[in-house]
Amino acid sequence: MKPARPSPIGSPDVTLHVAGVHGANAPALSEMGNHVALIVHGLATETNPGGDWYVDAGLGDGLYEPLPFVAGQFDQAGLRYGFGPNGSGVGAWHLTHDPTGSLSGVSISTVPCRLEEFRPRHELNATSSQSPFARTVTCQRRHVTGADIVRAKVYTRRDGPDMTTVVASTRTELLEILGDVFGPRRAAPQAGVESLWARVCAAHDALVSTPPDHDHHAPLAST
């Protein structure tokens, strides 16, 4: 089933879709809604005559550029993805991440929705003590040869098959990494910087004692 296209408002059209990022587990209905997928319509090419494209800039080490909404295997800047109809029954389409990626895949509904539908999950992600986004300072950025990832004090850079890891020993070192890699630098109140560093240190100690599963979109436990 291809994505539904809205009534023309402009060219190209963009629709929001409920999506579910999952880890090594198979796609599950409970995960649908932990992510937003964007589908751009009306940009036909020779290899994508339907003109629909899956756009996702929020997957950390995920897509480097849009995927045509056609089934197939795609190589993007050193990582390989599978994309096509979802046989699991969870979402109509599914993205399979490269085996070396930090997540396993994304299930995508082809029915357009409103941004308001994601508000409850956004509030949980931003405020819940069970949310990895709220617990751990995290920055992720895809680049042409791999990805940059900061979790707590740990900065990991992937360039093709090569990976390098740096553990920031001071808040100044962490701020330099964040500014140099993710930029731009912004001035922040000293009290805010000190509070952030304290949270980073606490999260780092927790990660060292309990290695993470790297699934930042996993469903939250019920409260």
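Sorry if this is basic, but what is going on with the overall build of the protein here?
Tallying secondary structure elements over the protein gives four helices and twelve strands in all. Taking all 223 residues of the protein together, 42% fall into the buried category. Of the contacts made within the protein by residues no fewer than 6 positions apart, 47% connect residues no fewer than 24 positions apart. Total accessible area on the protein stands at roughly 11,900 Å², and carbon and sulfur atoms take up 58% of it.

Would you mind going over the sheet that holds strand E2 (residues 35-41) with me for this structure?
Working definition: the strands of a sheet are paired by backbone hydrogen bonds and lie parallel or antiparallel to each other. The strand order across the open sheet formed by eight strands is E4-E3-E2-E1-E8-E7-E6-E5, and the pairing between neighbours is antiparallel. Looking at the sheet topology across the chains shown, the edges are occupied by strand E4 (67-68) and strand E5 (72-76). Here strand E7 (residues 93-96) runs beside strand E8 (residues 105-113); their pairing, made up of four bridges, is antiparallel. For Leu 95, the partnering residue across the bridge sits in E8 and is Val 106.

How do you make sense of the nonpolar core when you look at a structure like this?
Burial of nonpolar side chains together is a common tendency in soluble globular proteins. If you look at the biggest cluster of nonpolar residues, it comprises 18 residues, and the most contacted ones within it are Tyr 54, Leu 59, Leu 67, Phe 83, Leu 95, Val 106 and Ile 108. Looking at this core, the element that brings in the most residues is strand E6 (residues 79-85), giving three residues. Apart from residues no more than four positions distant in its own chain, Phe 83 is found in contact with Tyr 54, Leu 67, Pro 68, Phe 69, Val 70, Ala 71, Gly 72, Phe 74, Trp 93, His 94, Leu 95 and Ile 108. If you look at the next biggest cluster of nonpolar residues, it comprises 14 residues, including Ala 168, Ile 177, Val 181 and Ala 203.

Can you help me understand the environment of Leu 196 in this one?
Tracing the backbone through its elements, the reader meets Leu 196 in helix H4 (residues 190-209). Between the C-alpha atom of Leu 196 and that of Val 137, which follows or precedes it by 59 residues, the distance is 8.4 Å.

Hey, could you run me through the confidence of the model for the protein in this one?
Caution applies to low-pLDDT parts of the model: their predicted coordinates are not meant to be read in detail. Across the protein, pLDDT averages 86, with 90% of residues at or above 70. Counting interchain partners and residues more than four positions distant, the pLDDT-below-50 stretch residues 218-223 has twelve contacts.

What counts, and at which threshold
- Numbering of residues begins from 1 in every chain and follows the order in which that chain's sequence is written.
- Local features are withheld for residues below a pLDDT of 70 in this predicted model, meaning they are given only at 70 or higher, and side-chain atom pairs are given and counted only at 80 or more; totals for whole chains, interfaces and linings count all residues.
- Hydrogens are left out, water is left out, and the side-chain values use all remaining heavy atoms of the structure.
- Secondary structure elements are defined from DSSP: runs of H or I of at least 4 residues count as helices, runs of E of at least 2 residues count as strands, and each element is numbered from the N terminus.
- Each residue gets one of three labels from its accessible area relative to the maximum for its type: buried under 20%, exposed over 50%, partly exposed in between, using a 1.4 Å probe on protein chains only.
- Contacts between residues were defined by any pair of non-hydrogen atoms, one from each residue, lying within 4.5 Å.
- Methods summary: accessible areas were calculated by the Shrake-Rupley approach with a probe of 1.4 Å, and residue burial reflects only the protein chains presented.
- One requirement defines pairing of two strands: DSSP has to find at least two bridges between them.
- In this text, buried Ala, Val, Leu, Ile, Met, Phe, Trp, Tyr and Cys residues form a nonpolar core when linked through side-chain atoms within 4.5 Å.
- pLDDT: the predictor's confidence for each residue, scored from 0 to 100.

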